[in-house]
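Remarks on the overall topology
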Amino acid sequence: MPDASAFEAFLREYQDMVFATAVRLLGSPAEAEDVAQTVFLRAFERFAEVEPNPGRAGWLKTVTTNLCLNHLTRYRARWQFFSELDGGDGETQRAFVESLAAADPVPADPGWDDRARRLERALRRLPDHQRVPLVLFHFEERSYQEIATLLGVTLGKVKTDIHRGRESLKKALTDRT
Amino acid sequence: MDEFDLERIVDRELKRLPVPRAPRSFAPRVMAAVAASRPAAWYARPWLMWPVWMQAMSVIALAGLAAGGWTLWNQAPGLAQRANQMAAVSRAFWNVLFGPIAMVVLALTIVVTLACAAAWTAVSRVTFGGASSQ
(Lines give C-alpha, C1' and ligand atoms only; values in the text may rest on other atoms or scores of the structure.)
Protein backbone atom coordinates (compact mmCIF):
# COMPACT_ATOMS: atom_id res chain seq x y z
CA MET A 1 0.00 0.00 0.00
CA PRO A 2 1.61 3.31 -1.07
CA ASP A 3 2.38 5.92 1.57
CA ALA A 4 -0.46 8.49 1.45
CA SER A 5 1.74 11.47 2.35
CA ALA A 6 4.32 10.57 -0.32
CA PHE A 7 1.54 10.23 -2.87
CA GLU A 8 0.03 13.57 -1.85
CA ALA A 9 3.41 15.27 -2.35
CA PHE A 10 3.67 13.61 -5.78
CA LEU A 11 0.12 14.75 -6.62
CA ARG A 12 0.81 18.34 -5.64
CA GLU A 13 4.01 18.37 -7.69
CA TYR A 14 2.38 17.20 -10.92
CA GLN A 15 -1.27 18.23 -10.65
CA ASP A 16 -0.85 21.45 -12.65
CA MET A 17 1.02 19.72 -15.46
CA VAL A 18 -1.57 16.95 -15.75
CA PHE A 19 -4.49 19.35 -15.48
CA ALA A 20 -2.99 21.74 -18.06
CA THR A 21 -2.46 18.91 -20.55
CA ALA A 22 -6.00 17.65 -20.02
CA VAL A 23 -7.72 21.02 -20.13
CA ARG A 24 -5.98 21.98 -23.35
CA LEU A 25 -6.78 18.69 -25.02
CA LEU A 26 -10.38 18.61 -23.85
CA GLY A 27 -11.18 22.33 -23.75
CA SER A 28 -13.31 21.83 -20.64
CA PRO A 29 -12.03 22.32 -17.08
CA ALA A 30 -14.71 20.03 -15.58
CA GLU A 31 -13.90 17.15 -17.93
CA ALA A 32 -10.18 17.82 -17.47
CA GLU A 33 -10.58 17.41 -13.70
CA ASP A 34 -12.28 14.04 -14.19
CA VAL A 35 -9.58 12.79 -16.52
CA ALA A 36 -6.77 14.16 -14.33
CA GLN A 37 -8.27 12.35 -11.34
CA THR A 38 -8.28 9.08 -13.30
CA VAL A 39 -4.63 9.69 -14.23
CA PHE A 40 -3.65 10.06 -10.58
CA LEU A 41 -5.68 7.02 -9.54
CA ARG A 42 -3.69 5.00 -12.10
CA ALA A 43 -0.49 6.51 -10.74
CA PHE A 44 -1.56 5.51 -7.23
CA GLU A 45 -2.15 1.91 -8.33
CA ARG A 46 1.41 1.74 -9.70
CA PHE A 47 3.00 4.23 -7.33
CA ALA A 48 5.80 1.86 -6.32
CA GLU A 49 6.97 1.77 -9.96
CA VAL A 50 6.07 5.33 -10.98
CA GLU A 51 7.43 7.33 -8.05
CA PRO A 52 11.13 6.38 -8.29
CA ASN A 53 11.09 6.49 -12.11
CA PRO A 54 12.91 9.57 -13.50
CA GLY A 55 10.56 9.50 -16.51
CA ARG A 56 7.44 9.86 -14.35
CA ALA A 57 6.48 13.25 -15.82
CA GLY A 58 6.57 11.74 -19.32
CA TRP A 59 4.57 8.75 -18.11
CA LEU A 60 1.93 11.07 -16.61
CA LYS A 61 1.73 13.09 -19.84
CA THR A 62 1.36 9.96 -21.97
CA VAL A 63 -1.37 8.54 -19.75
CA THR A 64 -3.15 11.91 -19.70
CA THR A 65 -3.03 12.21 -23.48
CA ASN A 66 -4.31 8.68 -24.00
CA LEU A 67 -7.12 9.10 -21.49
CA CYS A 68 -8.13 12.42 -23.05
CA LEU A 69 -8.26 10.87 -26.51
CA ASN A 70 -10.30 7.95 -25.15
CA HIS A 71 -12.61 10.41 -23.45
CA LEU A 72 -13.12 12.41 -26.63
CA THR A 73 -13.73 9.27 -28.68
CA ARG A 74 -16.16 7.82 -26.16
CA TYR A 75 -18.10 10.80 -24.90
CA ARG A 76 -18.06 13.23 -27.74
CA ALA A 77 -18.70 13.02 -31.44
CA ARG A 78 -15.68 11.82 -33.35
CA TRP A 79 -13.55 14.56 -34.82
CA GLN A 80 -13.19 12.75 -38.10
CA PHE A 81 -16.92 13.00 -38.69
CA PHE A 82 -17.27 16.65 -37.71
CA SER A 83 -14.12 17.58 -39.52
CA GLU A 84 -15.65 16.27 -42.71
CA LEU A 85 -18.79 18.33 -42.12
CA ASP A 86 -16.75 21.43 -41.31
CA GLY A 87 -15.76 23.00 -44.58
CA GLY A 88 -13.42 25.52 -42.92
CA ASP A 89 -15.12 28.34 -44.77
CA GLY A 90 -15.50 31.93 -43.63
CA GLU A 91 -18.84 31.20 -42.00
CA THR A 92 -17.26 28.70 -39.63
CA GLN A 93 -14.47 31.14 -38.80
CA ARG A 94 -16.96 33.91 -38.06
CA ALA A 95 -19.11 31.66 -35.85
CA PHE A 96 -16.01 30.61 -33.95
CA VAL A 97 -14.83 34.17 -33.30
CA GLU A 98 -18.35 35.23 -32.26
CA SER A 99 -18.53 32.32 -29.82
CA LEU A 100 -15.52 33.74 -27.97
CA ALA A 101 -17.68 36.45 -26.47
CA ALA A 102 -19.56 33.80 -24.46
CA ALA A 103 -18.82 32.81 -20.86
CA ASP A 104 -15.11 32.72 -20.05
CA PRO A 105 -13.86 29.27 -19.02
CA VAL A 106 -10.35 30.58 -18.33
CA PRO A 107 -9.61 31.18 -14.63
CA ALA A 108 -8.90 34.78 -13.68
CA ASP A 109 -5.45 34.08 -12.23
CA PRO A 110 -3.33 37.21 -11.73
CA GLY A 111 -0.60 35.69 -13.94
CA TRP A 112 -2.82 35.88 -17.01
CA ASP A 113 -2.88 39.12 -18.99
CA ASP A 114 -5.70 39.92 -21.37
CA ARG A 115 -3.92 38.62 -24.44
CA ALA A 116 -3.04 35.29 -22.81
CA ARG A 117 -6.59 34.90 -21.56
CA ARG A 118 -7.97 35.58 -25.02
CA LEU A 119 -5.62 33.06 -26.62
CA GLU A 120 -6.33 30.37 -24.02
CA ARG A 121 -10.04 30.94 -24.42
CA ALA A 122 -9.74 30.74 -28.20
CA LEU A 123 -7.75 27.52 -27.91
CA ARG A 124 -10.36 25.90 -25.68
CA ARG A 125 -13.16 26.93 -28.00
CA LEU A 126 -11.61 25.36 -31.08
CA PRO A 127 -13.47 22.29 -32.34
CA ASP A 128 -11.99 19.04 -31.02
CA HIS A 129 -10.63 18.00 -34.40
CA GLN A 130 -8.58 21.20 -34.64
CA ARG A 131 -7.64 21.71 -30.99
CA VAL A 132 -6.37 18.18 -30.31
CA PRO A 133 -3.75 17.99 -33.09
CA LEU A 134 -2.78 21.61 -32.48
CA VAL A 135 -2.15 20.98 -28.79
CA LEU A 136 -0.26 17.77 -29.55
CA PHE A 137 1.94 19.64 -32.02
CA HIS A 138 2.67 22.84 -30.10
CA PHE A 139 2.58 21.70 -26.45
CA GLU A 140 3.43 18.02 -26.60
CA GLU A 141 6.04 18.44 -29.36
CA ARG A 142 4.59 15.61 -31.47
CA SER A 143 5.31 15.44 -35.19
CA TYR A 144 2.55 15.56 -37.79
CA GLN A 145 3.10 11.89 -38.54
CA GLU A 146 2.92 10.91 -34.87
CA ILE A 147 -0.31 12.86 -34.48
CA ALA A 148 -1.81 11.22 -37.56
CA THR A 149 -0.93 7.79 -36.17
CA LEU A 150 -2.21 8.63 -32.70
CA LEU A 151 -5.53 9.96 -33.99
CA GLY A 152 -5.93 7.38 -36.73
CA VAL A 153 -6.35 9.96 -39.49
CA THR A 154 -4.37 10.87 -42.58
CA LEU A 155 -1.34 13.12 -42.53
CA GLY A 156 -3.09 15.56 -44.86
CA LYS A 157 -6.04 15.86 -42.53
CA VAL A 158 -3.80 16.58 -39.54
CA LYS A 159 -2.04 19.36 -41.46
CA THR A 160 -5.32 20.85 -42.64
CA ASP A 161 -6.88 20.79 -39.18
CA ILE A 162 -3.82 22.31 -37.54
CA HIS A 163 -3.68 25.02 -40.19
CA ARG A 164 -7.33 25.92 -39.63
CA GLY A 165 -6.79 25.95 -35.89
CA ARG A 166 -3.84 28.31 -36.23
CA GLU A 167 -5.84 30.60 -38.50
CA SER A 168 -8.62 30.73 -35.92
CA LEU A 169 -6.19 31.53 -33.11
CA LYS A 170 -4.50 34.25 -35.14
CA LYS A 171 -7.86 35.74 -35.97
CA ALA A 172 -8.93 35.64 -32.33
CA LEU A 173 -5.74 37.47 -31.37
CA THR A 174 -5.77 40.10 -34.11
CA ASP A 175 -9.49 40.88 -34.09
CA ARG A 176 -9.29 42.75 -30.81
CA THR A 177 -5.74 44.11 -30.87
CA MET B 1 1.71 35.16 -44.40
CA ASP B 2 2.93 31.69 -45.34
CA GLU B 3 2.39 28.51 -43.35
CA PHE B 4 5.84 28.63 -41.79
CA ASP B 5 5.33 32.16 -40.43
CA LEU B 6 1.90 31.25 -39.12
CA GLU B 7 3.31 28.17 -37.36
CA ARG B 8 6.13 30.21 -35.85
CA ILE B 9 3.86 32.99 -34.60
CA VAL B 10 1.25 30.67 -33.14
CA ASP B 11 3.92 28.51 -31.56
CA ARG B 12 5.56 31.54 -29.93
CA GLU B 13 2.21 32.81 -28.62
CA LEU B 14 1.16 29.42 -27.28
CA LYS B 15 4.48 28.79 -25.56
CA ARG B 16 4.16 32.13 -23.78
CA LEU B 17 0.88 31.11 -22.19
CA PRO B 18 1.01 30.44 -18.45
CA VAL B 19 0.30 26.86 -17.38
CA PRO B 20 -3.36 26.50 -16.30
CA ARG B 21 -3.42 25.57 -12.63
CA ALA B 22 -5.50 22.79 -11.17
CA PRO B 23 -8.31 24.05 -8.91
CA ARG B 24 -7.58 24.10 -5.18
CA SER B 25 -10.24 21.46 -4.62
CA PHE B 26 -8.47 19.05 -6.98
CA ALA B 27 -5.89 17.53 -4.62
CA PRO B 28 -8.40 16.88 -1.77
CA ARG B 29 -10.77 15.36 -4.31
CA VAL B 30 -8.11 12.98 -5.62
CA MET B 31 -7.00 12.03 -2.11
CA ALA B 32 -10.62 11.23 -1.21
CA ALA B 33 -10.95 9.09 -4.34
CA VAL B 34 -7.69 7.33 -3.48
CA ALA B 35 -8.95 6.61 0.04
CA ALA B 36 -12.19 5.21 -1.39
CA SER B 37 -10.35 3.03 -3.89
CA ARG B 38 -8.10 1.28 -1.37
CA PRO B 39 -8.12 -2.47 -2.03
CA ALA B 40 -10.52 -4.70 -0.09
CA ALA B 41 -9.34 -6.87 2.82
CA TRP B 42 -7.48 -10.01 1.75
CA TYR B 43 -10.39 -12.32 2.61
CA ALA B 44 -12.76 -10.30 0.37
CA ARG B 45 -10.51 -10.81 -2.65
CA PRO B 46 -10.25 -13.88 -4.92
CA TRP B 47 -7.98 -16.62 -3.52
CA LEU B 48 -5.30 -15.93 -6.15
CA MET B 49 -4.93 -12.38 -4.78
CA TRP B 50 -4.54 -13.42 -1.12
CA PRO B 51 -1.16 -12.87 0.58
CA VAL B 52 1.17 -15.80 -0.03
CA TRP B 53 1.31 -16.80 3.63
CA MET B 54 -2.53 -16.87 3.76
CA GLN B 55 -2.61 -19.01 0.64
CA ALA B 56 -0.16 -21.41 2.32
CA MET B 57 -2.25 -21.48 5.51
CA SER B 58 -5.43 -22.14 3.55
CA VAL B 59 -3.77 -25.04 1.69
CA ILE B 60 -2.63 -26.52 5.03
CA ALA B 61 -6.15 -26.10 6.51
CA LEU B 62 -7.69 -27.73 3.46
CA ALA B 63 -5.23 -30.63 3.72
CA GLY B 64 -6.17 -31.01 7.42
CA LEU B 65 -9.87 -31.12 6.54
CA ALA B 66 -9.23 -33.72 3.87
CA ALA B 67 -7.24 -35.84 6.34
CA GLY B 68 -10.03 -35.52 8.90
CA GLY B 69 -12.61 -36.53 6.30
CA TRP B 70 -10.51 -39.55 5.34
CA THR B 71 -10.19 -40.64 8.98
CA LEU B 72 -13.96 -40.32 9.50
CA TRP B 73 -14.61 -42.31 6.32
CA ASN B 74 -12.44 -45.12 7.63
CA GLN B 75 -14.35 -45.19 10.91
CA ALA B 76 -17.77 -45.05 9.18
CA PRO B 77 -19.11 -48.51 10.29
CA GLY B 78 -18.57 -47.67 13.97
CA LEU B 79 -20.13 -44.21 13.54
CA ALA B 80 -23.23 -45.58 11.80
CA GLN B 81 -23.79 -47.98 14.67
CA ARG B 82 -23.48 -45.17 17.22
CA ALA B 83 -25.91 -43.00 15.18
CA ASN B 84 -28.50 -45.78 15.20
CA GLN B 85 -28.24 -46.05 18.99
CA MET B 86 -28.73 -42.29 19.37
CA ALA B 87 -31.75 -42.36 17.04
CA ALA B 88 -33.36 -45.18 19.05
CA VAL B 89 -32.94 -43.23 22.30
CA SER B 90 -34.38 -40.09 20.68
CA ARG B 91 -37.41 -42.03 19.35
CA ALA B 92 -38.09 -43.45 22.80
CA PHE B 93 -37.98 -39.98 24.40
CA TRP B 94 -40.33 -38.62 21.72
CA ASN B 95 -42.86 -41.46 22.12
CA VAL B 96 -42.94 -41.21 25.88
CA LEU B 97 -42.63 -37.48 26.59
CA PHE B 98 -43.53 -35.32 23.56
CA GLY B 99 -45.65 -37.46 21.22
CA PRO B 100 -48.93 -37.31 23.21
CA ILE B 101 -48.95 -33.50 23.56
CA ALA B 102 -47.41 -32.58 20.20
CA MET B 103 -50.73 -32.26 18.31
CA VAL B 104 -52.29 -30.23 21.14
CA VAL B 105 -49.35 -27.79 21.18
CA LEU B 106 -49.47 -27.42 17.38
CA ALA B 107 -53.24 -26.72 17.39
CA LEU B 108 -52.86 -24.23 20.23
CA THR B 109 -50.08 -22.38 18.38
CA ILE B 110 -52.22 -22.05 15.24
CA VAL B 111 -55.22 -20.79 17.18
CA VAL B 112 -53.18 -18.20 19.11
CA THR B 113 -51.51 -16.98 15.89
CA LEU B 114 -54.86 -16.55 14.14
CA ALA B 115 -56.30 -14.76 17.17
CA CYS B 116 -53.35 -12.35 17.24
CA ALA B 117 -53.71 -11.63 13.52
CA ALA B 118 -57.45 -10.93 13.92
CA ALA B 119 -56.86 -8.68 16.91
CA TRP B 120 -54.12 -6.72 15.04
CA THR B 121 -56.40 -6.23 12.02
CA ALA B 122 -59.22 -4.98 14.24
CA VAL B 123 -56.92 -2.56 16.10
CA SER B 124 -55.48 -1.27 12.78
CA ARG B 125 -58.93 -0.58 11.36
CA VAL B 126 -60.01 1.29 14.46
CA THR B 127 -56.79 3.29 14.68
CA PHE B 128 -56.05 4.05 11.00
CA GLY B 129 -59.55 3.87 9.60
CA GLY B 130 -58.73 1.03 7.28
CA ALA B 131 -55.70 2.79 5.81
CA SER B 132 -53.59 -0.26 6.36
CA SER B 133 -55.46 -2.15 3.69
CA GLN B 134 -55.01 0.58 1.05
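The text that follows walks through the structure, step by step, so that each part is easy to find. Predicted model only: the values in this text are computed from it and were never measured. (Residues numbered from 1 in each chain as written. Chains lettered and ligands numbered in written order. Predicted model: local features only at pLDDT ≥ 70, side-chain atom pairs only at ≥ 80, totals over all residues. Heavy atoms only, no water.)

Take the overall build of chain A next. Across its full length, chain A carries 10 helices and zero strands. Order of helices (α) and strands (β) in chain A, N terminus to C terminus: α-α-α-α-α-α-α-α-α-α. Here chain A holds 177 residues, and the buried ones make up 48% of them. For chain A, restricting intrachain contacts to residue pairs at least 6 apart in sequence, the fraction spanning at least 24 positions comes to 67%. With the model as given, the accessible surface of chain A reaches about 8,300 Å², and the carbon-plus-sulfur share is 52%. (Helix = DSSP H or I, 4+ residues; strand = E, 2+ residues; numbered from the N terminus. Buried < 20%, exposed > 50% of the residue type's maximum accessible area, 1.4 Å probe, protein only. Contact = heavy atoms within 4.5 Å. Areas by Shrake-Rupley, 256 points an atom, 1.4 Å probe, with all protein chains shown as cover.)

Quick look at the interface of chain B and chain A now. Listed by partner, the interface residues are 27 residues for chain B and 40 residues for chain A. Roughly 3,200 Å² is buried in total at the junction of chain B and chain A, and carbon and sulfur atoms are behind 68% of that figure. In terms of surface lost to chain A, no three residues of chain B exceed Leu14, Pro20 and Phe26 of chain B, which account for 19% of the buried area on that side. At the junction of chain B with chain A, the criterion picks out six salt bridges. Arginine 21 of chain B is the salt-bridge partner of aspartate 16 of chain A, the closest N and O atoms lying 3.8 Å from each other. Connecting chain B to chain A are nine residue pairs in polar contact (both at pLDDT 80 or more). If you list the elements that add at least two residues to the side of chain B that touches chain A, you get helix 1 (3-15) and helix 2 (26-36) of chain B. Per-element tally for the side of chain B that touches chain A: the top contributor is helix 1 of chain B, with eight residues. Residue composition of the side of chain B that touches chain A, grouped by class: 17 nonpolar, two polar and eight charged. (Buried area = accessible area lost by both parts, 1.4 Å probe. Salt bridge = Lys/Arg side-chain N within 4 Å of Asp/Glu carboxyl O. Polar contact = N/O pair within 3.5 Å; in protein donor to acceptor, adjacent residues only side chain to side chain. Nonpolar A, V, L, I, M, F, W, Y, C, P; charged D, E, K, R; others polar.)

A few words now on the pattern of salt bridges. The tally for this structure, following the rule as stated, stands at 17 salt bridges over all chains. Arginine 29 of chain B is the partner of glutamate 33 of chain A in a salt bridge, and the nearest nitrogen-oxygen pair spans 3.1 Å. You can see glutamate 33 of chain A sitting in helix 2 (residues 29-45) and its partner arginine 29 of chain B sitting in helix 2, one on each of two chains. Its relative accessible area of 14% is what places glutamate 33 of chain A among the buried residues. Residue arginine 29 of chain B is classed as partly exposed on the basis of its relative accessible area of 29%. One salt bridge connects arginine 12 of chain B with glutamate 13 of chain B, and the closest N-O pair in it is separated by 4.0 Å. One salt-bridge network, in which partners are shared between bridges, spans Arg24, Glu120 and Arg124 of chain A.

We now examine the packing of aromatic side chains. Considering all chains together, one arrives at nine aromatic pairs over all chains under this definition. Each member of the aromatic cluster is reached from another via a ring pair, and the members are Phe7, Phe10, Tyr14, Phe40, Phe44 and Phe47 of chain A together with Phe26 of chain B. Sitting over the ring of tyrosine 144 of chain A, lysine 159 of chain A keeps its end group 5.6 Å from the ring centre. Over the ring of phenylalanine 137 of chain A we find arginine 166 of chain A; its NZ or CZ atom is 5.1 Å from the centre of that ring. (Phe/Tyr/Trp six-rings, centres within 6.5 Å; stacked < 30°, edge-to-face > 60°. Lys NZ or Arg CZ within 6 Å of the ring centre and 35° of its normal.)

Burial analysis of helix 8 (residues 128-138) of chain A places 11 of its 11 residues in the buried class, the great majority of the element. Along helix 8 of chain A, the residues that are buried comprise Asp128, His129, Gln130, Arg131, Val132, Pro133, Leu134, Val135, Leu136, Phe137 and His138 of chain A.

Inspection of helix 2 of chain B places Phe26, Ala27, Val30, Met31, Ala33 and Val34 of chain B among the buried residues, and these make up the whole buried set. Along the long axis of helix 2 of chain B, the arc covered by the buried residues comes to 160°, so they all point the same way. (Arc of directions from axis to C-beta.)

So, about the nonpolar core. If you look at soluble globular proteins, the nonpolar side chains tend to sit buried side by side. With 57 residues, the main nonpolar core has Phe7, Phe10, Phe40, Leu123 and Leu169 of chain A together with Leu14 of chain B as its most contacted residues. Per element, the largest residue contribution to this core is 10 residues, and it comes from helix 1 (residues 4-26) of chain A. With near-sequence residues (within four places) excluded, phenylalanine 40 of chain A lies in contact with Phe7, Phe10, Leu11, Tyr14, Gln15 and Val18 of chain A together with Phe26 and Val30 of chain B. (Core = buried A, V, L, I, M, F, W, Y, C linked by side-chain atoms within 4.5 Å.)

Looking at the secondary structure, you find leucine 123 of chain A in helix 7 (residues 114-125). For leucine 123 of chain A, a relative accessible area of 0% gives the class buried. Residues leucine 123 of chain A and arginine 166 of chain A, spaced 43 residues apart in sequence, show a C-alpha to C-alpha distance of 9.2 Å. When residues no more than four places from it in sequence are discounted, the contact partners of leucine 123 of chain A are Arg24, Arg131, Leu134, Val135, Phe139 and Leu169 of chain A together with Leu14 of chain B.

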